[in-house]
Amino acid sequence: MSLLKELRPEIAAKIEADREQFPNLHKGVIKDIEDASFVTDIPLGTAHRLIEYANAAGFKFTSSAFLLKVYEIFGR
């Protein structure tokens, strides 16, 4: 089961916006999310990148803990 469909839409939009300018980055992030069954399956670098996308989208995290931020990105 892929986590891609659980990704918050505003964050998915930011990832999609990078598709043309950074195609390899886009492909890698999407592949990592598609391959993950659980949030903890996402590689650390991709998780960090997702947090950066969330910040760029203006997402307000309820926690300052890294792992909890990643969970929030997927609505958990």
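Residues numbered from 1 in each chain as written. Predicted model: local features only at pLDDT ≥ 70, side-chain atom pairs only at ≥ 80, totals over all residues. Heavy atoms only, no water.

Right, let's get into helix 4 (residues 66-73). Turning to helix 4, its buried residues are Lys 69, Val 70, Glu 72 and Ile 73. Angularly, the buried residues of helix 4 cover 160 degrees about the axis, an arc narrow enough to put them on a single face. Where helix 4 terminates, the next one or two residues include Gly 75, which has phi positive at roughly 70 degrees. (Buried < 20%, exposed > 50% of the residue type's maximum accessible area, 1.4 Å probe, protein only. Helix = DSSP H or I, 4+ residues; strand = E, 2+ residues; numbered from the N terminus. Arc of directions from axis to C-beta.)

Within the fold, Thr 40 resides in the loop between helix 2 (23-35) and helix 3 (44-56). Note: C-alpha distance between Thr 40 and Ala 17 (23 residues apart in sequence) is 25 Å. Excluding residues within four positions of it along the chain, Thr 40 makes contact with Leu 67 and Tyr 71. (Contact = heavy atoms within 4.5 Å.)

Together, Leu 44, Phe 66 and Leu 67 give the surface a local cluster of nonpolar side chains, amounting to about 290 Å² of exposed area. The topology assignment puts Leu 67 in helix 4. (Patch = residues over 30% accessible without salt bridge, like charges linked within 9 Å, V, L, I, M, F, W, Y side chains within 5 Å. Areas by Shrake-Rupley, 256 points an atom, 1.4 Å probe, with all protein chains shown as cover. Salt bridge = Lys/Arg side-chain N within 4 Å of Asp/Glu carboxyl O.)

Right, let's get into the nonpolar core. Membership of the largest hydrophobic core comes to 20 residues, with the highest contact counts inside it found for Leu 7, Ile 15, Ile 33, Leu 50, Ile 73 and Phe 74. Breaking this core down by element, the ones donating at least two residues are helix 1 (9-17), helix 2, helix 3 and helix 4. Leaving out residues up to four positions away in the same chain, Phe 74 has contacts with Leu 3, Glu 6, Leu 7, Ile 33, Val 39, Ile 42 and Leu 50. (Core = buried A, V, L, I, M, F, W, Y, C linked by side-chain atoms within 4.5 Å.)

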